Amino acid sequence: MISTNKSSTDMSDSSSAVLLSYETLVHAVAGAMGSVTAMTVFFPLDTARIRLQVDENRKSQSTPIILAEIAKEEGVLSLYRGWFPVISSLCCSNFVYFYTFNTLKRVMVSDRSKPAKDLLMGFISGAVNVLLTTPMWVVNTRLKLQGAKFRNEELHQTHYKGIFDAFSQIIASEGVGTLWNGTLPSLVLVFNPAVQFMFYEAMKRRAARGGRKISSFEIFLIGAIAKAIATSATYPLQTVQAILRFGQYKSDGKGGLVGSLGNVVSLLMDRIKRHGLLGLYKGLEAKLLQTVLTAALMFVVYEKITAATFKLMGLQKKLKH
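Residues numbered from 1 in each chain as written. Predicted model: local features only at pLDDT ≥ 70, side-chain atom pairs only at ≥ 80, totals over all residues. Heavy atoms only, no water.

- An unreviewed UniProt entry annotates the chain as Peroxisomal membrane protein PMP34 of Cyprinus carpio carpio.
- Listed under Sequence similarities (unreviewed entry) in UniProt, the entry text for the chain is "Belongs to the mitochondrial carrier (TC 2.A.29) family."
- Its UniProt record gives the chain a comment under Subcellular location (unreviewed entry), which states: "Membrane". (UniProt positions renumbered as here; feature names shortened; annotations may be inferred.)

1. Things to note about the overall build of the chain
Part 1: A tally of regular secondary structure across the chain gives twelve helices and zero strands.
Part 2: Reading the chain from its N end, one meets helices and strands in the order α-α-α-α-α-α-α-α-α-α-α-α.
Part 3: Sequence-distant contacts, at least 24 apart, represent 79% of the contacts inside the chain between residues at least 6 apart. (Helix = DSSP H or I, 4+ residues; strand = E, 2+ residues; numbered from the N terminus. Contact = heavy atoms within 4.5 Å.)

2. Comments concerning the pattern of salt bridges
Part 1: The tally for this structure, following the rule as stated, stands at 14 salt bridges.
Part 2: A salt bridge links Arg-58 to Glu-69, with the shortest nitrogen-to-oxygen separation between them at 3.0 Å. One end of the pair, Arg-58, is in the loop between helix H3 (43-54) and helix H4 (63-74); the other, Glu-69, is in helix H4, with eleven residues separating them in the sequence.
Part 3: Judged by relative accessible area, which is 21%, Glu-69 ranks as partly exposed.
Part 4: A salt bridge links Arg-274 to Asp-270, with the nearest nitrogen and oxygen atoms 3.4 Å apart. (Salt bridge = Lys/Arg side-chain N within 4 Å of Asp/Glu carboxyl O. Buried < 20%, exposed > 50% of the residue type's maximum accessible area, 1.4 Å probe, protein only.)

3. A word on the environment of Lys-227
Part 1: Positionally, Lys-227 belongs in helix H10 (residues 216-246).
Part 2: Put simply, Lys-227 and Gln-196 are 31 residues apart on the chain and 5.3 Å apart in space, counted from C-alpha to C-alpha.
Part 3: Here Lys-227 is in contact with Asn-192, Gln-196, Thr-291, Val-292 and Ala-295, once residues within four sequence places are set aside.
Part 4: A polar side-chain atom of Lys-227 sits 3.1 Å from a polar atom in the side chain of Gln-196. (Polar contact = N/O pair within 3.5 Å; in protein donor to acceptor, adjacent residues only side chain to side chain.)

4. Looking at the nonpolar core
Part 1: Within the largest apolar cluster, 17 residues are counted, with the highest numbers of intra-cluster contacts made by Phe-98, Phe-197, Tyr-200 and Phe-299.
Part 2: For this core, the secondary structure elements donating two or more residues are helix H2 (22-41), helix H5 (83-108), helix H9 (191-207), H10 and helix H12 (284-312).
Part 3: Not counting the four nearest positions on each side in its chain, Phe-197 is found in contact with Tyr-97, Phe-98, Phe-101 and Phe-299.
Part 4: Membership of the second largest hydrophobic core comes to nine residues, among which are Ala-48, Leu-52, Ile-70 and Ala-286. (Core = buried A, V, L, I, M, F, W, Y, C linked by side-chain atoms within 4.5 Å.)

5. What about the side chain of Asp-55?
Part 1: Position of Asp-55 among the secondary structure elements: in the loop between H3 and H4.
Part 2: Put simply, Asp-55 is tucked away with no salt bridge, and the nearest opposite charge, on Arg-58, sits 4.3 Å away.
Part 3: There is a polar contact of 2.5 Å between the side chain of Asp-55 and the backbone nitrogen of Arg-151.
Part 4: If near-sequence neighbours (up to four positions away) are discounted, Asp-55 is found in contact with Lys-149, Phe-150, Arg-151, Asn-152, Leu-155 and Lys-282. (Lys, Arg positive; Asp, Glu negative; His and termini not counted.)

6. Looking at the UniProt feature "transmembrane region" (unreviewed entry) in the chain
Part 1: UniProt records the feature "transmembrane region" (unreviewed entry) at residues 20-43, 82-99, 119-139, 214-235 and 288-310, using the numbering of this structure.
Part 2: Between the first and last C-alpha atoms of residues 214-235 the distance is 30 Å; the span itself is 91% helix and 0% strand.

7. Looking at the packing of H5 against H9
Part 1: Interaxial distance between H5 and H9 falls to 13 Å at its minimum, and their mutual angle equals 55°. If you check the angle between H5 and H9, you find them oblique. Crossing hand, H5 versus H9: right-handed. On H9, the residues touching Tyr-97, Phe-98, Phe-101 and Lys-105 of H5 are Pro-193, Ala-194, Phe-197 and Glu-201.
Part 2: Looking at the contact of H5 with H9 residue by residue, the classes come out as six nonpolar, no polar and two charged. (Axes fitted to C-alpha atoms, helices over the stretch in contact; angles between N-to-C directions. Parallel < 35°, antiparallel > 145°, perpendicular 65-115°, else oblique. Left-handed = near helix turned anticlockwise from the far one by under 90°. Nonpolar A, V, L, I, M, F, W, Y, C, P; charged D, E, K, R; others polar.)

So, in structure tokens, the structure goes:
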């Protein structure tokens, strides 16, 4: 009986050690810092993407033309409107994702990692991330579009004084549940980072065969390819996600899972009816430019920070390929 209790205690201590490990924390911080750095560099591309997704009457043109229009009509600084809330959300989101992913990696990968395991870990990490950070993304979508000059006259301006004011106004006027608008497509969009990390880990393992050291350029290229595949596969749902987060879509009033699913299907069908099948991919050019370049740079910074930190602290970086 005593040995059973001891075994149970040892298992509990082992699980806690994995969950609270220094290495996992380093991965999480490096992932957060990498994403913040990359998003800051390519932020205007995200501004162009979200305008095209939400404002149906804005003509889909090349990304440089869209950016020039926004800068001319609203000022150059408008290209970075909503930077702080987006960066705050992204920092928290990537910290949660990398922490969960690397915790699962330490627990689930006993010998050799496989694409199926990478995909499963990506799904779980993405679901945890969505449920914890969706309210922040709803708020930053509102702030990013505040002051925008819409082509669609049905869209009205919002007046928030900052992150906390946006939270309080949304809760007071629309209810707490509004902070989780777009959760269903977001959960489906867990496919995006899951597929991205599956391809990233697989290509990185292939490049590192025989103990070969991977260059920064190769990491950049691997990250770019992985993100391009994931983004192209899930883009229509990202458009629906952005519209729901903005909060000005008039639904049929049904709540719960059925209502959420109905809103997603209704938005997809409405977009196809108005603009054809290609309407589901409006803004894809800007999205690919932004996410592919951002993801590629993020992985380079992430790998460099983790390697430098482990080296500085005298720890051996144990990657299970």
